Amino acid sequence: MRDEAKYREDLERHFLAETYRYRKRGLGLLGAGGLLWLYVALRLVLPWSVLGADPDCGAPLFERLEDGGFDSGVRHACAASPWPTLLAVLLVSVPLLVTGAALYVRGVVSANLSHYVRSMTR
């Protein structure tokens, strides 16, 4: 026959360890998404010469698009070239951030619910 109190404590310890793992994974994904956003912010604000690229280009956020009309297109390549890459990085970061937030919230709510149930049953 098993000891019921020890069994409950083992279950609760296992459950709280799972909630800790959820919170840790969620924070890791949130950190990865935050680093991607930081990368995009730095790429937008810093000139290309700092980043080791074309020294003639300034910061993409502050470059001007020189549009000569519909037939000529963009004349300044520095202003248009980084945007597809930066938008792709932002697009990759969104699922990381959403999943990270969901895992972190699940871990916090589960731990709080466990503590609440324990306080109400003892």
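In the block above lies the structure referred to throughout.
By convention here, each chain's residues receive numbers from 1 onward along its written sequence. Residues qualify for local features only when their pLDDT is at least 70, as the model is predicted, and side-chain atom pairs are given and counted only at 80 or more; totals for whole chains, interfaces and linings, by contrast, use all residues. Only hydrogens and water are set aside; all other atoms, that is, all heavy atoms of the structure, feed into the side-chain values.

Draft legend 1. Focus on the overall build of the protein chain. Under the DSSP-based scheme used, a helix requires at least four consecutive residues in state H or I and a strand at least two consecutive residues in state E, with every element numbered from the N terminus. In terms of helices and strands, the protein chain carries 3 helices and 0 strands. Walking the protein chain from its N terminus toward its C terminus, one meets helices and strands in the order α-α-α. Partly exposed describes any residue whose relative accessible area lies between the buried limit of under 20% and the exposed limit of over 50%, with all areas from a 1.4 Å probe on protein chains only and scaled to the type maximum. Out of the 122 residues in the protein chain, the part that is buried amounts to 20%. Contacts between residues were defined by any pair of non-hydrogen atoms, one from each residue, lying within 4.5 Å. A separation threshold of at least 6 residues defines the contact pool for the protein chain, and within that pool the share at least 24 residues apart is 59%. The protein chains shown are the only cover counted for residues, whose accessible areas, like all others here, come from Shrake-Rupley with a 1.4 Å probe. Approximately 8,800 Å² of the protein chain is accessible, and the part contributed by carbon and sulfur atoms is 65%.

Draft legend 2. Examining the pattern of salt bridges more closely. In what follows, salt bridge is the name for a side-chain nitrogen of Lys or Arg lying within 4 Å of a carboxyl oxygen of Asp or Glu. Using the criterion set out here, one finds 4 salt bridges in the structure. Between Asp-10 and Lys-6 there is a salt bridge, with the nearest N and O atoms lying 3.3 Å from each other. Remark: Lys-6 and Asp-10 occur in helix α1 (residues 4-45); sequence separation between them is 4 residues, near one turn of the helix. Classification of Lys-6 as partly exposed rests on a relative accessible area of 47%. Notably, a salt bridge pairs Asp-10 with Arg-13, separated by 2.5 Å at the nearest N-O pair. With Asp-10 and Arg-13 both in helix α1, this residue pair falls 3 residues apart, about one helical turn. Taking the relative accessible area as the measure of exposure, Asp-10 reaches 31% and is therefore partly exposed. Taken together, the shared-partner salt bridges connect Lys-6, Asp-10 and Arg-13 into one network.

Draft legend 3. Representation of the packing of α1 against helix α3 (residues 83-121) in the model. Between α1 and α3, whose axes approach to 7 Å, the crossing angle comes to 155 degrees. For the element pair α1 / α3, the angle class is roughly antiparallel. Note that α1 runs across α3; the crossing there is left-handed. Gly falls in the polar group here, along with every residue not listed as nonpolar (Ala, Val, Leu, Ile, Met, Phe, Trp, Tyr, Cys, Pro) or charged (Asp, Glu, Lys, Arg). When grouped by side-chain class, the residues that make up the contact of α1 with α3 number 24 nonpolar, 11 polar and 6 charged. Helix axes are fitted only over the stretch in contact, all axes being lines through C-alpha atoms; the angle between N-to-C directions runs from 0 to 180 degrees. By the definition adopted for this analysis, an angle is roughly parallel if under 35 degrees, roughly antiparallel if over 145, roughly perpendicular if from 65 to 115, and oblique otherwise. Left-handed describes a crossing whose near helix is turned anticlockwise from the far helix by less than a right angle; the clockwise case is right-handed.

Draft legend 4. Up close: α1. In a regular helix each residue adds 1.5 Å, so 42 residues correspond to 62 Å; α1 covers 61 Å between its end C-alpha atoms and thus fits that length. Of the positions making up α1, those classed as buried are Glu-12, Thr-19, Tyr-22, Gly-26, Gly-33, Val-40, Arg-43 and Leu-44. Buried residues along α1 sit against α3. Here the expected span of a helix is defined as 1.5 Å times the quantity of residues minus one.

Draft legend 5. The side chain of Ser-114, seen in detail. Among the secondary structure elements, Ser-114 is positioned in helix α3. In this structure Ser-114 comes out as buried when scored by relative accessible area, which is 12%. In this structure, Ser-114 is in contact with Glu-12, Phe-15 and Leu-16, ignoring residues within four places of it in sequence.

Draft legend 6. Layout of α3. When the terminal C-alpha atoms of α3 are compared, their 57 Å separation across 39 residues agrees well with the 57 Å that a helix rising 1.5 Å per residue should span. Where the residues of α3 are buried, they touch α1.

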